[in-house]
Amino acid sequence: MKTCVFCRGKVVPRKVTFDARVGEELVVIEEVPAEVCIQCGERYFSPEVLRQIDGLVQAEPKATETIIQVPVRTFGHAEQ
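Since the structure is predicted, the reported quantities are computational estimates derived from the model, not experimental observations.

As for a nonpolar patch on the surface
The grouping of L26, V28, I68, V70 and V72 at the surface amounts to a nonpolar patch, some 490 Å² of accessible area in total. Here L26 lies in strand β3 (residues 25–37). The class of L26 is partly exposed, set by a relative accessible area of 46%.

Points about the sheet that holds strand β2 (residues 10–22)
Pairing within the open sheet is antiparallel, and its 4 strands lie in the order β1-β2-β3-β4. The open sheet is flanked by β1 (2–3) and β4 (43–44), the only strands paired with a single partner. Two elements, β3 and β4, share 2 bridges in a ladder whose sense is antiparallel. Counted as the bridge partner of V36 is R43 from β4. Along the sheet, helix α1 (residues 47–58) contacts β2 and β3; its crossing angle with β3, the most-contacted strand, is approximately 170°.

Thoughts on the pairing of β3
Strand direction decides the pairing type here: β2 and β3, joined by 11 bridges, are antiparallel. From the neighbouring strand, V12 faces β3, where its bridge partner is V36. Connecting β2 to the antiparallel partner β3 that follows it, the hairpin turn spans 2 residues, and G23 within it adopts a positive phi of roughly 65°. Counting the residues in the hairpin turn of β3 and β4 gives 5 residues, including G41, whose phi is positive at 90°.

Examining the pairing of β2
Of the strand pairs in this sheet, β1 and β2 are connected by 2 bridges, and their pairing is antiparallel. Residue K2 lies in a different strand from β2, and its bridge partner there is V11. A loop of 6 residues connects β1 with β2, the two strands running antiparallel in sequence, and R8 in this loop sits at a positive phi of about 70°.

Calculation notes
- Residues numbered from 1 in each chain as written.
- Predicted model: local features only at pLDDT ≥ 70, side-chain atom pairs only at ≥ 80, totals over all residues.
- Heavy atoms only, no water.
- Patch = residues over 30% accessible without salt bridge, like charges linked within 9 Å, V, L, I, M, F, W, Y side chains within 5 Å.
- Areas by Shrake-Rupley, 256 points an atom, 1.4 Å probe, with all protein chains shown as cover.
- Salt bridge = Lys/Arg side-chain N within 4 Å of Asp/Glu carboxyl O.
- Helix = DSSP H or I, 4+ residues; strand = E, 2+ residues; numbered from the N terminus.
- Buried < 20%, exposed > 50% of the residue type's maximum accessible area, 1.4 Å probe, protein only.
- Pairing = 2+ DSSP bridges.
- Contact = heavy atoms within 4.5 Å.
- Axes fitted to C-alpha atoms, helices over the stretch in contact; angles between N-to-C directions.

Honestly, it's all geometry; don't read function into it.
Put into structure tokens, the structure is as follows:
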């Protein structure tokens, strides 16, 4: 059994969503294989998965990909 290097919790295989910023763009990659600590949530990725993530982040968007809009808020500017 693998353990988390931060909290010593149990680490299990899971599929996760990975978010990355490229300049002003936000790229979201779903169904990424990872090992996740069930205690603190720390995620671990194999070198091969990280190479694939890098390729997906750098790739041009395809017409078949889903595009979403998200609000961007600045901390400290909440309405009273």
